[in-house]
Amino acid sequence: MDVSPTLWVLTIAGLAALIAVDFFIGRKPHDVSIKEAGIWTAVWVALAGLFGLGLLVFGGGQPAGEFFAGFITEKSLSVDNLFVFVLIMTKFAVPSQYQQRVLLVGVLIALALRAVFIAAGAAIIAGFSWVFYLFGAFLIWTAWKLIQEARADEEDEEYEENKLLKAAERRFGVADRYHGTKLWIQQNGKRVMTPMLVVMLAIGTTDVLFALDSIPAIFGLTQDPYIVFTANAFALMGLRQLYFLIGGLLKKLVHLSYGLSIILGFIGVKLVLHALHESGVHVPEISIPVSLGVICSVLIVTTITSLRASRKQAAAETGHGRGEAAERNSIDV
């Protein structure tokens with residue numbers, strides 16, 4: 001898809017305007033209700049749908065299919081980010097009324113860093129077609145690691161600050177408590193960061209780790225930097241509302257890691273086949289409609305099996321609790 005510099009500027013300006021409206025509406029710190037989160041989640045999904053339809057009308061079926069496949073993939077992979085966001089919020093004891101501000105700025109930092117990754121990835125792909133082999137192998141390896149992590153016991157998982165964040169804290173110092181939405185304050189004659197700024201940086205920089213697999217994954221579906229960027233933008237900008245909407249449901253998505261591993265493995269195989277095809281080897285290539293169907297099917301099946309497993313586990317725990325209560329009552333009698 002041939003994208004002019006003017007279209008790039010208009011797209012970035014449009015996204016910036018949407019972000020500004022989102023920020024203006026939620027500028028006052030408050031606890032986000034399920035209703036508010038649901039409305040804004042629907043708004044961002046609808047905007048992504050309208051953008052995809054715009055690509056269909058003005059660019060054709062191929063770009064639109066690539067965008068929807070990329071958006072759904074990035075959206076599903078970004079749900080995994082929410083687990084880490086919960087850990088970060090807990091570690092820094094972020095007051096509930098400030099969490100939406102933290103997530104908004106943190107996601108903006110993440111989007112800016114991802115833009116750098118996307119530009120670098122596009123440049124590498126344009127110059128070295130063999131990089132598809134590396135991307136494919138990396139995604140297959142990541143899929144295997146996800147399965148291993150899903151089978152491991154991660155009950156005591158805790159967030160650990162990265163080296164960049166620790167260096168910033170040592171360099172500038174951190175205040176001992178939150179000061180509203182302020183990012184910097186004067187303390188003992190020295191300008192120091194507030195915990196608000198630290199947790200924003202934590203969320204933004206931690207997302208880079210997730211970009212290491214999500215960016216190669218979407219390049220496995222499309223090599224168009226414009227579609228890669230817009231799919232990431234729409235997926236990330238709705239992440240803040242999704243955090244409040246399904247925060248309580250995250251623990252019920254017990255099979256999410258298995259579903260994501262299947263998707264990453266599938267895209268990894270698609271990349272390897274594409275690399276072989278580019279090298280002149282006659283192998284079948286996986287089309288975008290097939291990719292979109294596989295991704296949606298895996299997510300639907302994963303969600304259904306997760307909810308069933310969670311329901312059975314809850315029923316078993318309830319029955320176990322009743323059995324223990326009955327046993328105690330019989331002993332008392």
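Asker: Would you take a moment to explain the packing of helix 2 (residues 34–59) against helix 8 (residues 225–237) for this structure?
Answerer: A pair of packed helices can be characterised by two numbers: the angle between their axes and the separation between those axes. Axis separation between helix 2 and helix 8 bottoms out at 9 Å; the angle between their running directions is 165°. Comparing their axes, helix 8 and helix 2 come out roughly antiparallel. Crossing handedness for the pair helix 2 and helix 8: left-handed. Within the contact between the two elements, helix 2 uses Trp44, Leu47, Ala48, Phe51 and Leu55 and helix 8 uses Tyr226, Thr230, Phe234 and Met237. Here the contact of helix 2 with helix 8 is composed, by residue class, of eight nonpolar, one polar and no charged.

Asker: What is the right way to look at a nonpolar patch on the surface in this model?
Answerer: On the surface, a cluster of nonpolar side chains totalling about 580 Å² of accessible area is made up of Leu50, Leu53, Leu56, Val57 and Phe58. With respect to the secondary-structure elements, Phe58 resides in helix 2.

Asker: Help me out: how do you make sense of the side chain of Asn232 in this one?
Answerer: Structurally, Asn232 can be placed in helix 8. There is a polar contact of 2.9 Å between the side chain of Asn232 and the backbone oxygen of Val228. Setting aside its immediate chain neighbours within four residues, Asn232 contacts Glu74, Leu111, Arg114, Ile118, Ile215 and Ile218.

Rules used throughout
Residues numbered from 1 in each chain as written. Predicted model: local features only at pLDDT ≥ 70, side-chain atom pairs only at ≥ 80, totals over all residues. Heavy atoms only, no water. Axes fitted to C-alpha atoms, helices over the stretch in contact; angles between N-to-C directions. Helix = DSSP H or I, 4+ residues; strand = E, 2+ residues; numbered from the N terminus. Parallel < 35°, antiparallel > 145°, perpendicular 65-115°, else oblique. Left-handed = near helix turned anticlockwise from the far one by under 90°. Contact = heavy atoms within 4.5 Å. Nonpolar A, V, L, I, M, F, W, Y, C, P; charged D, E, K, R; others polar. Patch = residues over 30% accessible without salt bridge, like charges linked within 9 Å, V, L, I, M, F, W, Y side chains within 5 Å. Areas by Shrake-Rupley, 256 points an atom, 1.4 Å probe, with all protein chains shown as cover. Salt bridge = Lys/Arg side-chain N within 4 Å of Asp/Glu carboxyl O. Polar contact = N/O pair within 3.5 Å; in protein donor to acceptor, adjacent residues only side chain to side chain.

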